[in-house]
Amino acid sequence: MLSFLRLSQLGRIGVQQRFKPLIHRTLSTSCRRFSDDIAYDEIPVSRIRNFSIIAHVDHGKSTLADRLLELTGTIKKNATNKQVLDSLQVEKERGITVKAQTASLLYRYEGSDYLLNLIDTPGHVDFANEVSRSLAACDGVILLVDANEGVQAQTVANYHLARGKELVIVPVLNKIDLKNARPDAVTQELFTLFGIDPDGVLRISAKQGTGCEQVLVEIVKRLPAPDARRGEQFRALIFDSWFDRYRGALNLVYVKDGEVRVGQEIVSCHTGKVYEVKSLAMLRPDEQKIERLVAGQVGLLGCNMRTSKESNIGDTLYLKKNKNCEPLPGFKPQQPMVFAGVYPADQSQHPYLKGAIEKLVLNDSAVTVVPDSSPALGQGWRLGFLGLLHLDVFSQRLQQEYDAEPILTAPSVTYKIKLKGIKLIAAHGGKDTIFVSNPALFPDPNSVEEYYEPYVLGTIIAPTECTGPIIGLCVERRAVQKTSINIDNDRIMTTYLMPLNEIVLDFHDQLKSISSGYASFDYEDHGYVASALVRMDVLLNGTLVDELCTVVHISKAQSHARELVLKLKELIPRQMVQIAIQATVGGKVVARETLKAYRKDVTAKLYGGDVTRRMKLLKQQAEGKKKMRAIANINVPRDTFINVLKR
């Protein structure tokens, strides 16, 4: 009986395997999913579409990506399919996309097979670098707009980014199923701001799946095929990479010309190193092994790059037998805007934290790393980020993915300083202009001709009734209004020229607070502007503490100094000597607090008698305190520095 059951099961399996292609062909229609048995490399370039989904935060990019994956049969339709491409723990917890993710979709339209390479990009301004490099591998984008919220600040930024790269834009309104959705008004906003034809705007509900099939159809119809040539010599652009502990650095590449097979030897244009192709895969969204990648495709290439420094985003790969190669035009990486010191909690963890940072930087090429040291915190690094959320996410990923416990100092920006004096200029290699991101390294004011601080052009979209408080907030942060446009009767878009140092900490939080969460903010680099900056030093009993130095605008020196000395008074523990906490600017004390010393009551044993005995004991104590203060070192615990320096 057992043997008969086994034979019958094997028979059913054989029948299923034999007729599987027939079953799939029966299920497929002119606009439906089809079998993965079709070879990727047999699809001609004319039937390949490379595109990204770009939008403001929380406008439904990842949800739309989930529906497209389901409609093409890439993943099974399931109620639990939420943020399928958001694989990082930090993305699941925060509900935002941090890392651009790629998936190759197989789709049948009007009897022809199409390969759609989808890249789901982040929406927050701090991850604009992910969007920028993803667009380097695309020929078009889906511009997703919330039908309830309307056009937001990052929508404007993403639109101009796509237009700057001359990409075809397919506008899509999402969340039309919401009770407060206003698709007609939002469509008019798109026409007012961007000149988009209202008749060409798709209306969908990614959550319900309404209209998502039409998005696939429009991708095929509107977006152009990639400009790729399969008969040329192999060239591929690396536009993303990450580290695998067993396979080394894995590269996500867009094949511009020719083809590459497993076992061939390739060369990096940037480093000149030769590698053997160990593995090739398509992401669906899990890896699916293939034997070759051809022009027009996006795929994963593994070639045993053992260190993270060997893989360079924007690098061009070519076959060794081709001898030489003209590098592909890459993309300009965005410059870091915010800098923070990163130190291990214990110096014994320095090698481990160093390895964790190197691997994570491979996955996030927008982060810059420079070794740094501090007498209080030890050996560490000074890292550059695109914004405060970028810094937060990087720190959280270090903790979650590598079990590291880094100490992060308060973020700062990079200042440009024009020097004067022949000797000083010669000491800097003949350069009269230097860039400094660490306040402790600021040169003496007497040797500086002029200070420059980074400015940004900020775009704020907010309800009209919040205009007054927002203007007040911007004026407080030394911002200058440039333009003001009424989007409709209820919302206004204003642009401000503002110092980056004033918005890097809590500007976004303050903006959300005074607008009840309705305002959106985006910014782009505007360059350096001459400014009246001063370095503020902190003295403890006359001794300079370099770790606590800061750079502030002269108009805010007094208020910032008061806040700093009061905070230090609370954090520094009382000691046997009195401590004078002073904040100075140019040698002048602008704020001071005194931390009283521990005091022993030397007169406690007296029970009466002549008052001269009491005065004598107090005089002896005062002389002892004076002598101790002259020779004692102030003991400031490491935790105090951490609490003052950290964000």
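Residues numbered from 1 in each chain as written. Predicted model: local features only at pLDDT ≥ 70, side-chain atom pairs only at ≥ 80, totals over all residues. Heavy atoms only, no water.

**Q** Would you mind showing me how to read the overall build of the chain here?
**A** Scanning the chain from N- to C-terminus turns up 16 helices and 31 strands. Within the chain, contacts between residues at least 6 apart in sequence are counted, and of these 70% link residues at least 24 apart. For the chain, the exposed area adds up to about 31000 Å²; of that, 51% sits on carbon and sulfur atoms. (Helix = DSSP H or I, 4+ residues; strand = E, 2+ residues; numbered from the N terminus. Contact = heavy atoms within 4.5 Å. Areas by Shrake-Rupley, 256 points an atom, 1.4 Å probe, with all protein chains shown as cover.)

**Q** Looking at this structure, I do not really get the packing of aromatic side chains. What am I missing?
**A** For the coordinates displayed, the defined rule picks out eight aromatic pairs. Between Tyr415 and Phe442 the ring centres are 5.7 Å apart and the planes differ by 80°, which places this aromatic pair in the edge-to-face class. You can see Tyr415 sitting in strand β21 (residues 415-419) and its partner Phe442 sitting in the loop between β22 (433-436) and β23 (448-463), a full 27 residues away along the chain. As far as burial versus exposure is concerned, Tyr415 and Phe442 are alike and both buried. Counting every residue linked through ring pairs, the aromatic cluster contains Tyr415, Phe442 and Tyr451. (Phe/Tyr/Trp six-rings, centres within 6.5 Å; stacked < 30°, edge-to-face > 60°. Buried < 20%, exposed > 50% of the residue type's maximum accessible area, 1.4 Å probe, protein only.)

**Q** Please clarify how the packing of helix α2 (residues 61-71) against helix α7 (residues 212-222) should be interpreted in this entry.
**A** Remark: α2 packs on α7, axes separated minimally by 10 Å, with the N-to-C direction vectors making an angle of 80°. When the axis of α2 is compared with that of α7, the two are roughly perpendicular. Taken together, the residues of α7 that come into contact with α2 (itself represented by Leu64, Arg67, Leu68 and Leu71) are Cys212, Glu213, Val215 and Leu216. Tallied by class, residues from the contact of α2 with α7 come to six nonpolar, no polar and two charged. (Axes fitted to C-alpha atoms, helices over the stretch in contact; angles between N-to-C directions. Parallel < 35°, antiparallel > 145°, perpendicular 65-115°, else oblique. Nonpolar A, V, L, I, M, F, W, Y, C, P; charged D, E, K, R; others polar.)

**Q** Any chance you could explain the side chain of Ser279 here in plain terms?
**A** When you line up the elements, Ser279 lands in strand β12 (residues 279-283). Judged by relative accessible area, which is 14%, Ser279 ranks as buried. Contacts of Ser279, omitting those with residues within four sequence positions, involve Arg247, Val262, Lys289, Leu300, Leu301 and Gly302.

**Q** What is the right way to read the pairing of strand β2 (residues 101-109) from this model?
**A** The two faces of a sheet get side chains in turn, since along a regular strand they alternate between them. For β2, the buried fraction is high: eight of the nine residues fall into the buried class. Note: β2 against strand β3 (residues 112-120), nine bridges, orientation antiparallel. Across the sheet, Tyr107 pairs through a bridge with Tyr114, a residue of β3. Between the antiparallel neighbours β2 and β3 lie two residues, among them Glu110 with a positive phi of about 50°. (Pairing = 2+ DSSP bridges.)

**Q** How should the sheet that holds strand β20 (residues 406-408) be read in this particular structure?
**A** Consider a sheet: its strands pair through backbone hydrogen bonds, and that pairing is either parallel or antiparallel. Taking strand neighbours across the sheet as the criterion, the four strands line up as β18-β19-β17-β20 in an open arrangement whose pairing is antiparallel. A strand with exactly one partner marks an edge of an open sheet, and here the two such strands are β18 (368-374) and β20. With direction set aside, neighbouring strand axes in the sheet form an average angle of 30°. Two elements, β18 and strand β19 (residues 378-385), share seven bridges in a ladder whose sense is antiparallel. Residue pairing across strands places Ser373 opposite Gln379, the latter belonging to β19. Contacts from helix α9 (residues 388-402) reach β17 (338-344), β19 and β20 within the one sheet, and its direction differs from that of β20 by about 165°.

**Q** Any chance you could explain the nonpolar core here in plain terms?
**A** Among soluble globular proteins, nonpolar side chains are generally buried collectively. Formed by 48 residues in total, the largest nonpolar core has its most connected members in Ile357, Phe394, Ile460, Met498 and Phe507. When neighbours within four sequence positions are excluded, Phe507 is seen to be in contact with Ile460, Leu473, Cys474, Arg477, Met498, Glu502 and Phe521. Core analysis: the next-biggest nonpolar cluster, separate from the first, contains 38 residues, Cys138, Phe234, Ile238 and Cys303 among them. (Core = buried A, V, L, I, M, F, W, Y, C linked by side-chain atoms within 4.5 Å.)

**Q** How do you make sense of the pairing of strand β1 (residues 48-55) when you look at a structure like this?
**A** β1 sits mainly inside the fold: eight of its eight residues count as buried. Where burial is concerned, the two faces of β1 agree: the one with Ile48, Asn50, Ser52 and Ile54 and the one with Arg49, Phe51, Ile53 and Ala55 are both buried. Pairing of β1 with β3 involves six bridges; the strand directions are parallel. Paired with Asn50 across the two strands is Asn117, which belongs to β3. As paired strands, β1 and strand β4 (residues 140-146) are joined by five bridges and run parallel to one another. When the sheet's bridge partners are listed, Ser52 is paired in β4 with Val141.

**Q** Mind showing me how you'd approach the sheet that holds strand β6 (residues 202-203) here?
**A** Across the sheet, which stays open at both edges, the six strands sit in the order β2-β3-β1-β4-β5-β6 with mixed pairing between neighbours. The open sheet has two free edges, formed respectively by β2 and β6, since each of these has just one partner strand. Summarising the sheet, β4 and strand β5 (residues 168-174) pair through seven bridges and their orientation is parallel. Bridging from a neighbouring strand, Leu144 pairs with Val172 of β5. Those strands touched by helix α6 (residues 183-194) are β4, β5 and β6, and its axis lies near 155° from that of β5.

**Q** Would you mind showing me how to read the packing of helix α11 (residues 467-476) against helix α13 (residues 507-514) here?
**A** Describing two packed helices takes the angle between their axes plus the distance from one axis to the other. Packing of α11 against α13 brings their axes to within 10 Å, and their N-to-C directions diverge by 160°. In terms of their interaxial angle, α11 and α13 are classed as roughly antiparallel. Once α11 is placed against α13, the crossing between them reads as right-handed. Where α11 approaches α13, its residues Pro469, Ile470, Leu473 and Cys474 are matched on the opposing element by Phe507, Gln510, Leu511 and Ile514. (Left-handed = near helix turned anticlockwise from the far one by under 90°.)

**Q** What am I meant to see in α6 here?
**A** Residues three or four positions apart in an α-helix share a direction because the helix packs 3.6 residues into each turn. An ideal rise of 1.5 Å per residue puts 16 Å on twelve residues; α6 measures up with 16 Å between its terminal C-alpha atoms. Among the residues making up α6, those that are buried are Pro183, Val186, Thr187, Glu189, Leu190 and Phe194. End-on view of α6: buried residues confined to an arc of 150°, all on one side of the axis. Those residues of α6 hidden inside the fold are in contact with β4, α5 (153-164), β5, β6 and β25 (491-499). Of the residues flanking the end of α6, it is Gly195, one or two places downstream, whose phi is positive at about 75°. (Expected span 1.5 Å × (residues − 1). Arc of directions from axis to C-beta.)

**Q** Explain the environment of Leu595 to me, please; I cannot follow it from the model alone.
**A** Along the chain, Leu595 turns up in strand β31 (residues 588-595). Overall, the relative accessible area of 7% leaves Leu595 in the buried class. Contacts of Leu595, omitting those with residues within four sequence positions, involve Lys569, Ile572, Pro573, Arg574, Val577, Gln578 and Ile579.

**Q** Any chance you could explain helix α14 (residues 557-571) here in plain terms?
**A** When the terminal C-alpha atoms of α14 are compared, their 21 Å separation across 15 residues agrees well with the 21 Å that a helix rising 1.5 Å per residue should span. Taken residue by residue, α14 has Ala557, Ala561, Leu564, Val565 and Leu568 as its buried positions. Each buried residue of α14 sits inside an arc of 95° when the element is viewed along its axis, so together they form one side. Exposed positions of α14 whose direction lies more than 90 degrees from the buried face are Glu563 and Glu570.

**Q** Any chance you could explain the pattern of salt bridges here in plain terms?
**A** A pair can form between side chains of opposite charge whenever their charged atoms are brought close. Evaluation of the coordinates by the stated rule reveals 25 salt bridges. We note a salt bridge from Glu287 to Arg247, for which the minimum N-O separation is 2.9 Å. Residue Glu287 is found in strand β13 (residues 287-290), and its partner Arg247 is found in the loop between β7 (235-244) and β8 (248-257); the two are separated by 40 residues along the sequence. Given a relative accessible area of 26%, Arg247 falls into the partly exposed group. (Salt bridge = Lys/Arg side-chain N within 4 Å of Asp/Glu carboxyl O.)

**Q** What am I meant to see in the environment of Gly421 here?
**A** Mapped onto the secondary structure, Gly421 falls in the loop between β21 and α10 (422-427). For Gly421, a relative accessible area of 38% translates into the label partly exposed. The spacing of Gly421 and Glu449 is 28 residues in sequence and 9.1 Å in space, taken between C-alpha atoms.

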